[in-house]
There are 2 protein chains.
Amino acid sequence: MQYQAPANDLSFLLFDVLGVDKLHELEKYADATPDLISAVIEEAGKLASEVIQPTNQIGDRQGCQYNPETHDVTTPDGFKEAYAKFVEGGWTALDAPLEYGGQGLPHTLKFVVDEMMCSTNLSLGMYPGLTHGAISALHSHGSDELKNTYLEKLISGEWTGTMCLTEPQCGTDLGMIRTKATPNDDGSYAIEGTKIWITGGEHDLVDNIIHLVLAKLPGAPDTTKGISLFVVPKVLPDSGERNPAFCGGLEHKMGIKGSATCVMNFEGAKGWLVGEPNDGMRAMFTMMNEARLMVGMQGLGLAEMAYQESLGFARERLQSRSLSGPKNPDGPADPIIVHPDVRRMLMRQKVLNEGMRALALFTGQKLDLSVAHPDEAVRESSDDLVQLLTPVVKAFLTDEGYKNADTGLQVLGGSGFTTDWPLEQLVRDGRIARIYEGTNGIQAMDLVGRKLSIKGGQLVRTLFGELTGFLKDNPEAPHREQLKGAVKALESATMWIAQNAPKDPEQAGAAATPYLRLTALTVIAYLWSRMAGVAQAQLDTGEGNKPLLEGKLISARFYFEKILPEIEQLKQDIETGKDSMMDLDDDHWAA
Amino acid sequence: MQYQAPANDLSFLLFDVLGVDKLHELEKYADATPDLISAVIEEAGKLASEVIQPTNQIGDRQGCQYNPETHDVTTPDGFKEAYAKFVEGGWTALDAPLEYGGQGLPHTLKFVVDEMMCSTNLSLGMYPGLTHGAISALHSHGSDELKNTYLEKLISGEWTGTMCLTEPQCGTDLGMIRTKATPNDDGSYAIEGTKIWITGGEHDLVDNIIHLVLAKLPGAPDTTKGISLFVVPKVLPDSGERNPAFCGGLEHKMGIKGSATCVMNFEGAKGWLVGEPNDGMRAMFTMMNEARLMVGMQGLGLAEMAYQESLGFARERLQSRSLSGPKNPDGPADPIIVHPDVRRMLMRQKVLNEGMRALALFTGQKLDLSVAHPDEAVRESSDDLVQLLTPVVKAFLTDEGYKNADTGLQVLGGSGFTTDWPLEQLVRDGRIARIYEGTNGIQAMDLVGRKLSIKGGQLVRTLFGELTGFLKDNPEAPHREQLKGAVKALESATMWIAQNAPKDPEQAGAAATPYLRLTALTVIAYLWSRMAGVAQAQLDTGEGNKPLLEGKLISARFYFEKILPEIEQLKQDIETGKDSMMDLDDDHWAA
């Protein structure tokens, strides 16, 4: 089935609900006119369905191939050509800085494009995806010399980039890294060590790969405060010499087989310091935060493709009669979409996908406002929400996106389990998104352990300001009472954590995962109320896409009736505390 | 990691909580003494870890191979030898009827063994698993001649059996089958048609395969009332002639790659009627109900293996320090089991696995009582619960078993996503269990659409009798108030369905999935209260396995605090009805 970009839903969200089209009133985003936004949606959608999607299945079947003699990695058939078209269309430069050849468009549009790429080939999308993080790190923290050397070619897509963090003995706990950086005489450093799970560490899409590598300077402390960031090119840009940064092998994985997941051996490779010594974690977080938002879009992208596939199947597959009488009396049976339990699955996919898209684009808009709005107070409050919601977008969109892909598989029944249909690949590909760039448990800890305490709780206060402001300003907001209940539950849980975590940090750890879900469900409830309000208003005046608007009203109802009520369980989970998790002794586990 | 059968938990459940050891007081199960039960647990556990488990990974890597010239199927290396040992140990005969060479032991013990086989190689376990269903169908519905011809060799494991139901155009809706049975002169029938997704339809473990095939007699009505069941051997037992029932190919699947999932072409193959003409659905349900319970054990079995793997990993993997101070001060970091969010995942696995095991064995015990108890009232009430709980066991254990395997993968982080660890295979293998033998949505419809109305609601009244009887008799039962709340929620939801479904069957369809979950969570709450009660009593008197008993008390608390509260959401989901699912028009879905 050919992918159809969700163009109408995107227009509704960007223009009618969020007002992202207003970004062009800001100087920085003057180019982002409504026409341009519409053109981006249309062109990206075409590229995704015509160029990217056809590479997806073969990517899974062939996988990447490693040559142990040359240390080269070959990507699956068609990846090179599809990547070339992606580059040719300027998509690698979309929101990149103008001064290095980027187009300087809003990040929100990058989110839109990310979703489409991930719907159609997650593995392929990761090569430019990681490059984007490298661009941001270099742009924010690199010297002018480094920027001049690398940014233009990374932005044009002529080169790609990587993030080299993980080592065999450490993933989450980066204080434990062992890769060493020893100063050379010429101001560069000799990088020595082994990194694992390096996406795009080696491949044949481009001629040069720019690694951003965390390593330790001599005598640096054995904590995250002793980590520095280095840029280590595969080929030295000045001399054209091959730098000894070699791929030592590929991981064999459940999914994303078209993405080269490399062991990388740095054998005294030449690197240059990015930012200050021992300040690598800061630059790492520049890449990481951006990568987290992109990974969230991966979850959503896969879920959207799964929804389209399962919807198409449910409309075609004839099996049994409707409980309210035949709907296809001339056929041997009715299409399974008539059955309530099948509709339950499809509705859950539709409603959560649309809600997650709203959450992501809301966050994208705040990201753009945080860098481009002239009013400092707006920049700050927008940044508060971006910081708070980044782990929420990453974890919730990958968890629920995965679940939606899995639900799509279930709609297909036995067919979904076979490789004749794309669902099982979507599920396998989506599984990693809940793990990399920080597992979803780590996202939850970031939210509860870090973000709640930044600036004395300012981030979550900004969120409550947004939510309660909306409730106050919209006494007629659809589903207002349930939304109010959700905000109250979130306030109660936040208070509980504020009271209990300071004296016992394990209480924060125990609360983290349900608190992240509670936050996500509440913010999405707010966005569903906004969407339903806009839909109702447009229906009242007769403007807009009537089927879409009517669908929004029913979907909002489904969300508030069948999905949001989970919040009470989450609140109770948080407020019953850590004991039933922490009381088990070693000898209790498998007694 | 070598599998460890959960022997202590099984003994606690079978002997101390459920009293399955008392079955030997019944004439039919006089052999099932406590010593014998313990021996079965021990020997099956050994077989599983020593013989079955070593075949699991290779089964996935190699898969089954089909030869299009000969129509033969080759199973992965080691399957033949492992199956031979399974047969040699008499495991195929465990609960089979004595008069045909079976051991006639309680079905509950079969459940115990099923779990272990599924923990260690789900694919391999399916060959004897399907055979078991064929034995039951023949035993219950076949003529003496058929029984004499087939049962002994099926029970001994010398032959295996299949269930041939699905066709390309029909899975759930068996009224649509097209396979034809035309009478031959000799009292047999010529079977013609194509069946798909036939587990073990062709393989090399044994010399003969006995297919049980649904087909239509000439002039039979085009509904499920026009279906008859036939036994169609691969090799005719009298003449040794090859029957034209050929494998036409294998499905390519996400998982259970060691299980041969065959397209079967019946090209005028000789078959014999089982039971009455046009009464095939009844015999089919004999196989199906049994298969559903077995599939439930598959979900649990995989979840148990995943738990063991992730527990082992969490104890070994060093990463970050405990939030309450170093627990492994001499190492570079603490094992991740110290982190609350990791414990949350492990606890969910432990508590649900133990709860699901209790539910399955409770149902097994009722199954045994329903056939063996001298008092008709006990037989009937036991049968009520078996009928009611069969779809619950199938759907809940496969849904939550899958989720637990998936949670186990998450505990391993990136390692879990690689094929170096067994978790990703457990997840892929487990995915099918939510689909075959009736998707979990169909199970829910069976519960709500059929089981609730049998005998005017008698089945669910029997369940409420069991639950409220326990509450009445045990004023001090652990977590009594929460259990009472769950029973009330289930009563309320049951009443809601009873009031709304008769005038609008789609309300039953809409309520089905949450109602099944609500039933499962409530019955498991009842069983956790019982388990905690027994554990507390034993701790008070100082008998029993102290770490296990202490673990039970904490686990029960986790269940009531963190898992059971989902019931309120389920109740609300049911009682808000079908509208937000059914109101969407065709043009709303992808507007």
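The structure presented is a predicted model; accordingly, all values stated were derived computationally and were not measured.

Some thoughts on the interface of chain B and chain A
How big an interface is tends to be stated in terms of the accessible area lost upon association of its parts. At the junction of the two partners, chain B supplies 94 residues and chain A supplies 94 residues. Here chain B and chain A share an interface that buries about 8400 Å² over both sides, 56% of which is from carbon and sulfur atoms. A per-residue breakdown of the area chain B buries against chain A is headed by F417, S580 and W589 of chain B, which together make up 10% of the total. Inspection of the chain B/chain A interface yields 10 salt bridges. In this assembly, chain B and chain A are joined by 57 residue pairs in polar contact (both at pLDDT 80 or more). The biggest single contributor to the side of chain B that touches chain A is helix α17 (residues 546-563) of chain B, with 10 residues. Considered class by class, the residues forming the side of chain B that touches chain A number 39 nonpolar, 29 polar and 26 charged.

A look at the UniProt feature "domain: Acyl-CoA oxidase/dehydrogenase middle" (unreviewed entry) in chain A
According to UniProt, the positions carrying the feature "domain: Acyl-CoA oxidase/dehydrogenase middle" (unreviewed entry) are residues 163-267 of chain A. Spanning residues 163-267 of chain A, this segment combines 0% helix with 42% strand, and its end C-alpha atoms are found 17 Å apart.

Some details on the pairing of strand β4 (residues 180-183) of chain A
Residue and element names in this part refer to chain A. As paired strands, β4 and strand β5 (residues 189-199) are joined by 4 bridges and run antiparallel to one another. By the bridge assignment, K180 is partnered in β5 with E192. Linking β4 back to β5 in an antiparallel pair, the connection comprises 5 residues, with G187 at a positive phi of about 90°.

Focus on helix α1 (residues 7-17) of chain B
Along α1 of chain B, the positions that sit buried rather than exposed are D9, L10, F12, L13, L14, F15 and V17 of chain B. Downstream of α1 of chain B by one or two residues, G19 of chain B has phi in the positive range, about 75°.

Some remarks on the packing of helix α1 (residues 7-17) of chain A against helix α16 (residues 505-541) of chain A
Residues and elements named next belong to chain A. Here α1 crosses α16 at 85°, and the two axes come no closer than 11 Å. Relative to α16, the element α1 lies roughly perpendicular. In this structure, α1 contributes F12, L13, D16 and V17 to the contact, and α16 contributes R530, M531, V534, A535 and Q538. Considering only residue class, the contact of α1 with α16 consists of 6 nonpolar, 1 polar and 2 charged.

Here's the deal with the side chain of Q349 of chain A
Residue and element names in this part refer to chain A. Tracing the sequence through the fold places Q349 in helix α9 (residues 340-372). Separated by 3.4 Å, the side chain of Q349 and the backbone nitrogen of Y307 make a polar contact. One polar contact links Q349 to S310, side chain to side chain, over a distance of 3.1 Å. Beyond its immediate chain neighbours, meaning those up to four positions away, Q349 contacts A306, Y307, S310, N404, T407, G408 and V411.

Quick notes on a negative patch on the surface
Residue and element names in this part refer to chain A. A cluster of like negative charges, contributed by D583, D585, D586 and D587, occupies part of the molecular surface. By the element assignment, D585 lies in the segment after α19 (579-582). Since its relative accessible area comes to 43%, D585 is described here as partly exposed.

What counts as what
Residues numbered from 1 in each chain as written. Chains lettered and ligands numbered in written order. Predicted model: local features only at pLDDT ≥ 70, side-chain atom pairs only at ≥ 80, totals over all residues. Heavy atoms only, no water. Contact = heavy atoms within 4.5 Å. Buried area = accessible area lost by both parts, 1.4 Å probe. Salt bridge = Lys/Arg side-chain N within 4 Å of Asp/Glu carboxyl O. Polar contact = N/O pair within 3.5 Å; in protein donor to acceptor, adjacent residues only side chain to side chain. Helix = DSSP H or I, 4+ residues; strand = E, 2+ residues; numbered from the N terminus. Nonpolar A, V, L, I, M, F, W, Y, C, P; charged D, E, K, R; others polar. UniProt positions renumbered as here; feature names shortened; annotations may be inferred. Pairing = 2+ DSSP bridges. Buried < 20%, exposed > 50% of the residue type's maximum accessible area, 1.4 Å probe, protein only. Axes fitted to C-alpha atoms, helices over the stretch in contact; angles between N-to-C directions. Parallel < 35°, antiparallel > 145°, perpendicular 65-115°, else oblique. Patch = residues over 30% accessible without salt bridge, like charges linked within 9 Å, V, L, I, M, F, W, Y side chains within 5 Å. Areas by Shrake-Rupley, 256 points an atom, 1.4 Å probe, with all protein chains shown as cover. Lys, Arg positive; Asp, Glu negative; His and termini not counted. Charge placed at Lys NZ, Arg CZ, Asp CG, Glu CD.

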